[in-house]
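Topology and contacts: notes
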Amino acid sequence: MAENELLDNPYQTITEYAEELYPNTGMKVFRYLALQPCSLVLPPMPYKNRLERNTIHTLILSKSGMAKSSISQILQEISPHPIFFKKYTPAYLRDELFKYENQQVSLITDDVSRIMSDGDMLKLLEGIMEEQKVSEGTVTGGQKKFDIYATVTLMGVYSDLTSKIQSGILSRMTPVVFTHGIGEQLDVGRYIGENIAKIGNTNGEFESIKKHYQTIYEIQKKDTKDRIMPRIISCSYTSDQRNKLINTWGKIVREMCSTSEETEVWYRELIDAFRFANSSALLNIKNRKLKKISEDEAEIEVHDNDVKLAINLVGQEIKTKYLIIHYEGYREKLVPFGKISRILDNGLESPQELMDKLNNYKETHKELFKNEPEPNLPRKQLPKGRPSPE
(Lines give C-alpha, C1' and ligand atoms only; values in the text may rest on other atoms or scores of the structure.)
Protein backbone atom coordinates (compact mmCIF):
# COMPACT_ATOMS: atom_id res chain seq x y z
CA MET A 1 0.00 0.00 0.00
CA ALA A 2 1.22 3.46 -0.85
CA GLU A 3 1.89 6.03 1.84
CA ASN A 4 -0.32 8.55 0.05
CA GLU A 5 -3.31 6.38 0.96
CA LEU A 6 -3.01 7.81 4.47
CA LEU A 7 -5.36 10.76 4.87
CA ASP A 8 -3.99 14.18 5.80
CA ASN A 9 -6.64 14.89 8.45
CA PRO A 10 -8.28 11.51 9.10
CA TYR A 11 -10.32 12.30 12.23
CA GLN A 12 -11.97 15.31 10.63
CA THR A 13 -12.50 13.46 7.34
CA ILE A 14 -14.12 10.46 9.03
CA THR A 15 -16.37 12.37 11.42
CA GLU A 16 -17.50 14.82 8.73
CA TYR A 17 -18.22 11.94 6.36
CA ALA A 18 -20.31 10.25 9.06
CA GLU A 19 -22.17 13.49 9.80
CA GLU A 20 -22.93 14.04 6.10
CA LEU A 21 -24.21 10.48 5.82
CA TYR A 22 -26.23 10.68 9.06
CA PRO A 23 -27.03 14.33 9.89
CA ASN A 24 -27.21 15.24 13.60
CA THR A 25 -26.02 11.70 14.41
CA GLY A 26 -22.78 10.78 12.65
CA MET A 27 -20.54 13.24 14.48
CA LYS A 28 -21.94 12.32 17.91
CA VAL A 29 -21.22 8.63 17.37
CA PHE A 30 -18.05 8.64 15.29
CA ARG A 31 -16.17 11.07 17.51
CA TYR A 32 -15.49 7.86 19.48
CA LEU A 33 -15.95 5.16 16.83
CA ALA A 34 -13.35 6.79 14.55
CA LEU A 35 -10.72 6.04 17.21
CA GLN A 36 -11.94 2.59 18.18
CA PRO A 37 -10.32 0.54 15.36
CA CYS A 38 -6.94 2.18 16.07
CA SER A 39 -7.25 1.38 19.77
CA LEU A 40 -7.54 -2.29 18.82
CA VAL A 41 -4.23 -2.50 16.93
CA LEU A 42 -2.19 -0.60 19.52
CA PRO A 43 -0.30 -2.80 21.99
CA PRO A 44 -1.20 -2.46 25.69
CA MET A 45 0.21 0.45 27.70
CA PRO A 46 2.78 -0.30 30.40
CA TYR A 47 1.67 0.64 33.92
CA LYS A 48 4.18 -0.19 36.66
CA ASN A 49 4.46 -3.99 36.69
CA ARG A 50 1.41 -4.65 34.52
CA LEU A 51 -0.11 -3.78 31.17
CA GLU A 52 -3.20 -1.64 30.56
CA ARG A 53 -5.32 -2.26 27.49
CA ASN A 54 -5.56 0.44 24.84
CA THR A 55 -8.94 -0.78 23.60
CA ILE A 56 -11.94 1.57 23.57
CA HIS A 57 -15.39 0.05 24.16
CA THR A 58 -18.54 1.98 23.20
CA LEU A 59 -22.18 1.84 24.36
CA ILE A 60 -24.57 3.69 22.02
CA LEU A 61 -28.17 4.42 23.10
CA SER A 62 -30.84 6.27 21.15
CA LYS A 63 -34.43 5.89 20.00
CA SER A 64 -35.38 3.33 17.34
CA GLY A 65 -34.92 4.37 13.74
CA MET A 66 -31.77 6.42 14.28
CA ALA A 67 -29.37 4.51 12.01
CA LYS A 68 -27.78 2.23 14.60
CA SER A 69 -27.91 -0.79 12.26
CA SER A 70 -26.37 1.22 9.41
CA ILE A 71 -23.69 2.58 11.72
CA SER A 72 -22.85 -0.94 12.87
CA GLN A 73 -22.37 -1.95 9.21
CA ILE A 74 -19.93 0.90 8.63
CA LEU A 75 -18.04 -0.04 11.78
CA GLN A 76 -17.78 -3.62 10.55
CA GLU A 77 -16.25 -2.43 7.28
CA ILE A 78 -13.53 -0.33 8.92
CA SER A 79 -12.68 -2.68 11.80
CA PRO A 80 -10.28 -5.63 11.79
CA HIS A 81 -11.92 -9.06 12.13
CA PRO A 82 -15.47 -7.83 12.85
CA ILE A 83 -17.87 -10.25 14.53
CA PHE A 84 -21.52 -9.19 14.46
CA PHE A 85 -22.78 -11.32 17.35
CA LYS A 86 -26.41 -10.19 17.52
CA LYS A 87 -27.81 -13.74 17.40
CA TYR A 88 -24.89 -15.59 19.00
CA THR A 89 -25.19 -17.66 22.14
CA PRO A 90 -22.32 -17.36 24.65
CA ALA A 91 -21.07 -20.83 23.66
CA TYR A 92 -21.11 -20.01 19.96
CA LEU A 93 -19.32 -16.70 20.54
CA ARG A 94 -16.62 -18.51 22.56
CA ASP A 95 -16.13 -20.94 19.68
CA GLU A 96 -15.81 -18.05 17.21
CA LEU A 97 -13.36 -16.20 19.43
CA PHE A 98 -11.24 -19.32 19.85
CA LYS A 99 -10.46 -19.07 16.12
CA TYR A 100 -8.86 -15.69 16.86
CA GLU A 101 -6.88 -16.66 19.97
CA ASN A 102 -4.13 -14.07 20.62
CA GLN A 103 -5.48 -11.97 17.74
CA GLN A 104 -7.58 -8.81 17.39
CA VAL A 105 -11.35 -8.85 16.89
CA SER A 106 -14.14 -6.26 16.83
CA LEU A 107 -17.32 -7.40 18.60
CA ILE A 108 -20.40 -5.50 17.42
CA THR A 109 -24.16 -5.79 18.05
CA ASP A 110 -27.13 -3.48 17.57
CA ASP A 111 -29.33 -5.40 20.05
CA VAL A 112 -27.97 -4.70 23.52
CA SER A 113 -31.26 -5.78 25.17
CA ARG A 114 -30.54 -9.38 24.21
CA ILE A 115 -27.12 -9.12 25.83
CA MET A 116 -28.57 -7.68 29.02
CA SER A 117 -31.05 -10.56 29.34
CA ASP A 118 -28.31 -13.20 29.12
CA GLY A 119 -26.18 -13.37 32.26
CA ASP A 120 -23.63 -15.72 30.68
CA MET A 121 -23.13 -13.42 27.69
CA LEU A 122 -22.80 -10.42 29.99
CA LYS A 123 -20.16 -12.18 32.07
CA LEU A 124 -18.30 -13.23 28.92
CA LEU A 125 -18.21 -9.66 27.59
CA GLU A 126 -17.12 -8.19 30.92
CA GLY A 127 -14.20 -10.63 30.98
CA ILE A 128 -13.20 -9.67 27.46
CA MET A 129 -13.39 -5.94 28.18
CA GLU A 130 -11.69 -6.10 31.58
CA GLU A 131 -9.09 -8.86 31.25
CA GLN A 132 -8.85 -9.39 27.47
CA LYS A 133 -9.48 -13.07 28.19
CA VAL A 134 -12.20 -15.61 27.41
CA SER A 135 -13.11 -18.30 29.94
CA GLU A 136 -14.08 -21.64 28.51
CA GLY A 137 -15.45 -24.71 30.28
CA THR A 138 -13.46 -27.95 30.13
CA VAL A 139 -14.67 -31.56 29.98
CA THR A 140 -13.69 -31.96 33.64
CA GLY A 141 -15.91 -29.07 34.66
CA GLY A 142 -13.04 -26.65 35.23
CA GLN A 143 -12.23 -23.39 33.44
CA LYS A 144 -9.50 -22.53 31.01
CA LYS A 145 -8.77 -19.11 29.59
CA PHE A 146 -7.34 -17.90 26.31
CA ASP A 147 -6.24 -14.41 25.39
CA ILE A 148 -8.25 -12.30 22.98
CA TYR A 149 -7.68 -8.63 22.16
CA ALA A 150 -11.07 -7.13 21.34
CA THR A 151 -13.12 -3.96 21.16
CA VAL A 152 -16.80 -4.19 22.10
CA THR A 153 -19.55 -2.00 20.63
CA LEU A 154 -23.08 -2.34 22.01
CA MET A 155 -26.00 -0.44 20.49
CA GLY A 156 -29.59 -0.22 21.69
CA VAL A 157 -32.51 1.96 22.73
CA TYR A 158 -32.98 3.97 25.93
CA SER A 159 -35.07 1.29 27.60
CA ASP A 160 -32.05 -1.05 27.41
CA LEU A 161 -30.38 1.06 30.10
CA THR A 162 -30.92 -1.35 32.97
CA SER A 163 -29.22 -1.79 36.32
CA LYS A 164 -27.03 -4.46 34.70
CA ILE A 165 -25.54 -1.84 32.41
CA GLN A 166 -25.11 0.58 35.27
CA SER A 167 -23.51 -1.89 37.66
CA GLY A 168 -20.84 -3.38 35.40
CA ILE A 169 -20.88 -2.59 31.71
CA LEU A 170 -21.08 1.19 32.09
CA SER A 171 -17.82 1.49 34.01
CA ARG A 172 -15.97 -0.36 31.25
CA MET A 173 -17.47 1.44 28.26
CA THR A 174 -17.81 4.92 26.82
CA PRO A 175 -21.55 5.76 26.60
CA VAL A 176 -23.02 7.82 23.77
CA VAL A 177 -26.63 8.97 24.32
CA PHE A 178 -28.42 10.95 21.62
CA THR A 179 -31.82 11.80 20.19
CA HIS A 180 -33.37 14.31 17.78
CA GLY A 181 -35.64 17.16 18.79
CA ILE A 182 -38.37 18.32 16.43
CA GLY A 183 -36.06 20.82 14.73
CA GLU A 184 -33.40 18.21 14.14
CA GLN A 185 -35.99 15.77 12.82
CA LEU A 186 -37.21 18.34 10.31
CA ASP A 187 -33.62 19.01 9.18
CA VAL A 188 -32.88 15.30 8.79
CA GLY A 189 -36.22 14.76 7.05
CA ARG A 190 -35.39 17.45 4.51
CA TYR A 191 -31.97 15.91 3.93
CA ILE A 192 -33.53 12.47 3.37
CA GLY A 193 -36.18 13.89 1.05
CA GLU A 194 -33.61 15.76 -1.03
CA ASN A 195 -31.34 12.73 -1.44
CA ILE A 196 -33.59 9.66 -1.55
CA ALA A 197 -34.03 8.05 -5.03
CA LYS A 198 -31.29 10.31 -6.35
CA ILE A 199 -28.23 9.10 -8.18
CA GLY A 200 -25.13 9.94 -6.23
CA ASN A 201 -21.86 8.41 -5.15
CA THR A 202 -20.07 8.78 -1.84
CA ASN A 203 -18.32 5.42 -2.15
CA GLY A 204 -15.09 7.09 -3.27
CA GLU A 205 -14.69 8.94 0.01
CA PHE A 206 -15.61 5.87 2.05
CA GLU A 207 -13.11 3.74 0.11
CA SER A 208 -10.39 6.26 1.03
CA ILE A 209 -11.39 5.99 4.69
CA LYS A 210 -11.30 2.18 4.56
CA LYS A 211 -7.88 2.26 2.85
CA HIS A 212 -6.60 4.56 5.59
CA TYR A 213 -7.57 2.10 8.31
CA GLN A 214 -6.28 -0.86 6.29
CA THR A 215 -2.91 0.85 5.88
CA ILE A 216 -2.71 1.35 9.64
CA TYR A 217 -3.56 -2.32 10.22
CA GLU A 218 -0.78 -3.35 7.83
CA ILE A 219 1.68 -1.08 9.63
CA GLN A 220 0.74 -2.60 12.98
CA LYS A 221 1.10 -6.23 11.88
CA LYS A 222 4.28 -7.86 13.14
CA ASP A 223 4.79 -9.89 9.97
CA THR A 224 4.13 -7.13 7.40
CA LYS A 225 6.53 -7.30 4.46
CA ASP A 226 7.76 -4.23 2.62
CA ARG A 227 6.37 -2.01 5.38
CA ILE A 228 6.09 1.70 4.67
CA MET A 229 6.47 2.66 8.34
CA PRO A 230 7.70 0.99 11.50
CA ARG A 231 5.16 -0.66 13.78
CA ILE A 232 4.07 1.56 16.69
CA ILE A 233 4.74 -0.17 20.01
CA SER A 234 4.45 2.78 22.42
CA CYS A 235 3.30 6.41 22.73
CA SER A 236 5.31 9.22 24.32
CA TYR A 237 4.03 12.26 26.20
CA THR A 238 5.66 15.44 27.42
CA SER A 239 5.27 16.32 31.09
CA ASP A 240 3.05 19.23 30.09
CA GLN A 241 0.74 16.93 28.12
CA ARG A 242 0.47 14.48 31.01
CA ASN A 243 -0.32 17.29 33.40
CA LYS A 244 -3.02 18.68 31.10
CA LEU A 245 -4.75 15.30 31.00
CA ILE A 246 -4.40 14.71 34.75
CA ASN A 247 -5.41 18.23 35.79
CA THR A 248 -8.42 18.40 33.46
CA TRP A 249 -9.60 14.99 34.62
CA GLY A 250 -9.10 16.09 38.24
CA LYS A 251 -11.07 19.30 37.71
CA ILE A 252 -14.01 17.41 36.21
CA VAL A 253 -13.95 14.79 38.96
CA ARG A 254 -13.88 17.43 41.71
CA GLU A 255 -16.89 19.14 40.15
CA MET A 256 -18.79 15.87 39.79
CA CYS A 257 -18.06 14.80 43.34
CA SER A 258 -18.93 18.19 44.86
CA THR A 259 -22.68 17.54 44.52
CA SER A 260 -22.62 13.92 45.73
CA GLU A 261 -22.91 12.59 49.26
CA GLU A 262 -20.75 9.68 48.20
CA THR A 263 -17.92 9.67 45.69
CA GLU A 264 -17.89 7.65 42.49
CA VAL A 265 -14.60 6.21 41.29
CA TRP A 266 -13.30 7.67 38.02
CA TYR A 267 -9.88 6.01 37.60
CA ARG A 268 -10.91 4.15 34.47
CA GLU A 269 -11.90 7.40 32.79
CA LEU A 270 -8.42 8.87 33.36
CA ILE A 271 -6.95 5.87 31.54
CA ASP A 272 -9.58 6.37 28.83
CA ALA A 273 -8.16 9.85 28.23
CA PHE A 274 -4.79 8.28 27.41
CA ARG A 275 -6.50 5.67 25.23
CA PHE A 276 -8.21 8.44 23.24
CA ALA A 277 -4.94 10.35 22.81
CA ASN A 278 -2.97 7.23 21.84
CA SER A 279 -5.57 6.19 19.26
CA SER A 280 -5.73 9.71 17.84
CA ALA A 281 -1.96 9.71 17.42
CA LEU A 282 -2.03 6.40 15.54
CA LEU A 283 -4.96 7.55 13.39
CA ASN A 284 -2.79 10.55 12.44
CA ILE A 285 0.41 8.55 12.02
CA LYS A 286 1.22 10.37 8.78
CA ASN A 287 1.39 13.65 10.71
CA ARG A 288 3.16 12.48 13.87
CA LYS A 289 6.84 12.23 14.74
CA LEU A 290 8.22 8.72 15.17
CA LYS A 291 11.24 7.66 17.19
CA LYS A 292 12.73 4.44 15.89
CA ILE A 293 13.35 1.78 18.51
CA SER A 294 14.44 -0.90 16.03
CA GLU A 295 14.36 -1.43 12.30
CA ASP A 296 10.67 -2.37 12.34
CA GLU A 297 9.39 -0.70 15.54
CA ALA A 298 8.96 2.86 16.72
CA GLU A 299 7.49 5.09 19.40
CA ILE A 300 4.95 7.71 18.28
CA GLU A 301 4.96 11.19 19.80
CA VAL A 302 1.51 12.25 20.98
CA HIS A 303 0.64 15.71 19.62
CA ASP A 304 -1.06 18.50 21.57
CA ASN A 305 -4.05 18.08 19.23
CA ASP A 306 -4.39 14.47 20.39
CA VAL A 307 -4.41 15.64 24.00
CA LYS A 308 -6.97 18.36 23.25
CA LEU A 309 -9.26 15.81 21.59
CA ALA A 310 -8.83 13.37 24.49
CA ILE A 311 -9.74 16.06 27.03
CA ASN A 312 -12.94 16.85 25.14
CA LEU A 313 -13.92 13.19 24.77
CA VAL A 314 -13.22 12.17 28.36
CA GLY A 315 -15.12 15.21 29.67
CA GLN A 316 -18.14 14.15 27.63
CA GLU A 317 -17.75 10.56 28.80
CA ILE A 318 -17.65 11.45 32.50
CA LYS A 319 -20.60 13.81 32.19
CA THR A 320 -22.69 11.19 30.41
CA LYS A 321 -21.89 8.54 33.02
CA TYR A 322 -22.63 10.98 35.82
CA LEU A 323 -26.10 11.69 34.47
CA ILE A 324 -26.85 8.01 33.91
CA ILE A 325 -25.73 7.10 37.43
CA HIS A 326 -27.66 9.86 39.20
CA TYR A 327 -30.80 9.84 37.08
CA GLU A 328 -31.71 6.19 36.86
CA GLY A 329 -35.36 7.17 37.35
CA TYR A 330 -35.38 8.89 33.97
CA ARG A 331 -34.30 5.89 31.97
CA GLU A 332 -37.76 4.56 31.06
CA LYS A 333 -39.09 7.90 29.84
CA LEU A 334 -38.02 8.72 26.33
CA VAL A 335 -38.74 12.44 26.52
CA PRO A 336 -36.64 13.08 29.65
CA PHE A 337 -33.82 10.93 28.29
CA GLY A 338 -33.98 12.96 25.12
CA LYS A 339 -33.59 16.01 27.32
CA ILE A 340 -30.46 14.46 28.81
CA SER A 341 -29.13 13.85 25.31
CA ARG A 342 -29.63 17.49 24.34
CA ILE A 343 -28.02 18.75 27.55
CA LEU A 344 -24.99 16.61 26.76
CA ASP A 345 -24.66 18.30 23.37
CA ASN A 346 -24.42 21.78 24.91
CA GLY A 347 -20.83 21.53 26.11
CA LEU A 348 -19.41 20.86 29.55
CA GLU A 349 -21.38 22.30 32.44
CA SER A 350 -21.04 21.96 36.19
CA PRO A 351 -22.88 19.07 37.89
CA GLN A 352 -25.12 21.52 39.72
CA GLU A 353 -26.20 23.13 36.44
CA LEU A 354 -26.94 19.69 35.00
CA MET A 355 -28.97 18.69 38.04
CA ASP A 356 -30.84 22.01 38.07
CA LYS A 357 -31.80 21.60 34.42
CA LEU A 358 -33.07 18.07 34.88
CA ASN A 359 -34.93 18.87 38.10
CA ASN A 360 -36.53 21.84 36.37
CA TYR A 361 -37.64 19.50 33.60
CA LYS A 362 -39.16 17.18 36.17
CA GLU A 363 -40.96 20.11 37.84
CA THR A 364 -42.52 21.24 34.55
CA HIS A 365 -43.49 17.69 33.51
CA LYS A 366 -44.93 16.37 36.77
CA GLU A 367 -47.39 14.08 35.00
CA LEU A 368 -44.48 11.96 33.76
CA PHE A 369 -43.13 11.38 37.25
CA LYS A 370 -46.21 10.60 39.33
CA ASN A 371 -45.62 8.05 42.10
CA GLU A 372 -41.94 7.85 41.26
CA PRO A 373 -39.19 8.09 43.90
CA GLU A 374 -36.58 10.76 43.56
CA PRO A 375 -34.37 9.66 40.65
CA ASN A 376 -31.14 10.28 42.51
CA LEU A 377 -32.20 8.33 45.61
CA PRO A 378 -30.85 5.75 46.02
CA ARG A 379 -27.91 6.64 43.85
CA LYS A 380 -26.45 4.14 41.44
CA GLN A 381 -22.69 4.25 41.50
CA LEU A 382 -19.84 2.89 39.48
CA PRO A 383 -18.25 -0.09 41.18
CA LYS A 384 -15.62 1.02 43.65
CA GLY A 385 -12.22 -0.57 43.17
CA ARG A 386 -8.71 -0.42 44.42
CA PRO A 387 -6.91 2.91 44.05
CA SER A 388 -5.12 1.85 40.87
CA PRO A 389 -6.57 2.24 37.37
CA GLU A 390 -8.88 -0.54 36.14
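Definitions and limits used
Along each chain, residue indices are assigned from 1 in the same order as the chain's sequence is written. Where totals are concerned, whole chains, interfaces and linings use all residues; where local detail is concerned, this predicted model gives features only for residues with pLDDT of at least 70, and gives and counts side-chain atom pairs only at 80 or more. Hydrogens and water molecules were not included; the side-chain quantities draw on all heavy atoms of the structure. Here a strand is any run of E in DSSP of at least two residues, a helix any run of H or I of at least four, and the numbering for each starts at the N terminus. Accessible area is worked out with a 1.4 Å probe on protein chains only. A residue is then buried under 20% of its type maximum, exposed over 50%, and partly exposed in between. By definition, residues are in contact when any of their heavy atoms lie within 4.5 Å. Taking the helix axis as origin, the arc is that swept by the directions to the C-beta atoms. When the centres of two rings from Phe, Tyr and Trp lie within 6.5 Å, Trp using its six-membered ring, the rings pair. Their planes under 30 degrees apart give stacked, over 60 give edge-to-face, and anything left gives tilted. For this document, the term salt bridge refers to a Lys or Arg side-chain nitrogen within 4 Å of an Asp or Glu carboxyl oxygen. Definition of a polar contact: a pair of N or O atoms within 3.5 Å, with one able to donate and the other able to accept a hydrogen when the atoms are protein atoms, and with sequence-neighbouring residues admitted only if both atoms are side-chain atoms. Values of pLDDT, ranging from 0 to 100, describe the predictor's confidence in every residue of the model. By this rule the span expected of a helix is its residue count minus one, scaled by 1.5 Å. By this definition, two strands are paired if DSSP reports at least two bridges between them.

What follows covers the overall build of the protein chain. In terms of helices and strands, the protein chain carries 15 helices and 12 strands. Looking at the protein chain as a whole, 52% of its 390 residues are labelled buried. For the protein chain, long-range pairs separated by at least 24 residues make up 76% of all intrachain contacts whose partners lie at least 6 apart in sequence.

Among the residues making up helix H5 (residues 90-98), those that are buried are Pro-90, Leu-93, Glu-96 and Leu-97. Relative to the axis of H5, the buried residues are bounded by an arc of 120° and lie together on one face.

For the structure shown, the criterion picks out 5 aromatic pairs. Between the aromatic rings of Tyr-17 and Phe-206, the centroid separation amounts to 5.7 Å while the plane-to-plane angle is 10°, which identifies the pairing as stacked. Taken together, the residues span a long stretch of sequence, with Tyr-17 in helix H1 (residues 10-21) and Phe-206 in helix H10 (residues 203-220) at a distance of 189 residues. With a relative accessible area of 9%, Tyr-17 lands in the buried category. Residues Tyr-32 and Phe-276 carry aromatic rings whose centres are separated by 5.6 Å and whose planes lie at 55° to one another, so their mutual orientation is tilted.

Next up on the list: the pattern of salt bridges. Pairs can form between side chains of opposite charge once their charged atoms are near each other. Scanning the model with the defined rule gives 19 salt bridges in all. For the salt bridge of Arg-231 with Glu-297, the shortest nitrogen-to-oxygen distance reads 3.5 Å. With Arg-231 in strand S10 (residues 231-236) and Glu-297 in strand S12 (residues 297-301), this pair connects stretches of sequence that are 66 residues apart. Take Glu-297: its relative accessible area is 27%, and that puts it in the partly exposed class. In this structure, Asp-306 and Arg-288 form a salt bridge, with 2.9 Å as the shortest nitrogen-oxygen distance. Taken as a pair, Asp-306 in helix H13 (residues 304-326) and Arg-288 in the loop between helix H12 (267-283) and strand S11 (290-292) lie far apart in primary sequence, 18 residues in all. Classification of Arg-288 as buried rests on a relative accessible area of 13%. A single salt-bridge network, built from bridges that share partners, covers Arg-50, Glu-52, Asp-272 and Arg-275.

Residue placement: Thr-109 occurs in strand S5 (residues 104-109). Assessed through its relative accessible area of 0%, Thr-109 is described here as buried. A polar contact is formed between the side chain of Thr-109 and the backbone nitrogen of Asp-111, at a distance of 3.2 Å. Among all residues touching Thr-109, those that are not within four sequence positions of it are Phe-84, Phe-85, Lys-86, Ile-115, Thr-153, Leu-154 and Met-155.

What follows covers the confidence of the model for the protein chain. Per-residue pLDDT for the protein chain has a mean of 81; in total, 75% of the residues score no lower than 70. Considering only residues more than four positions removed or in separate chains, one finds that residues 137-142, a stretch of pLDDT under 50, has 5 contacts. Below a pLDDT of 50 lies the segment residues 368-390, which in the model reaches 62 contacts outside its immediate sequence neighbourhood of four places, other chains included.

On to the environment of Ile-216, then. Residue placement: Ile-216 occurs in helix H10. Of the residues examined, Ile-216 reaches a relative accessible area of 1% and is grouped as buried. The residues contacting Ile-216, other than those within four sequence positions of it, are Leu-6, Cys-38, Val-41, Leu-282 and Leu-283.

An α-helical turn contains 3.6 residues, so a residue and the one three or four places further along point in the same direction. A rise of 1.5 Å per residue sets the reference length of H12, with its 17 residues, at 24 Å; its end C-alpha atoms lie 25 Å apart and thus fit the reference within 8%. With respect to burial, H12 is a largely interior element, 16 of its 17 residues being buried.

A two-sided burial pattern is seen for strand S9 (residues 174-177), the buried positions comprising Thr-174 and Val-176 on one face and Pro-175 and Val-177 on the other. Relative to S9, strand S3 (residues 58-62) is paired through 4 bridges, and the arrangement is parallel. Residue pairing across strands places Ile-60 opposite Val-176, the latter belonging to S9.

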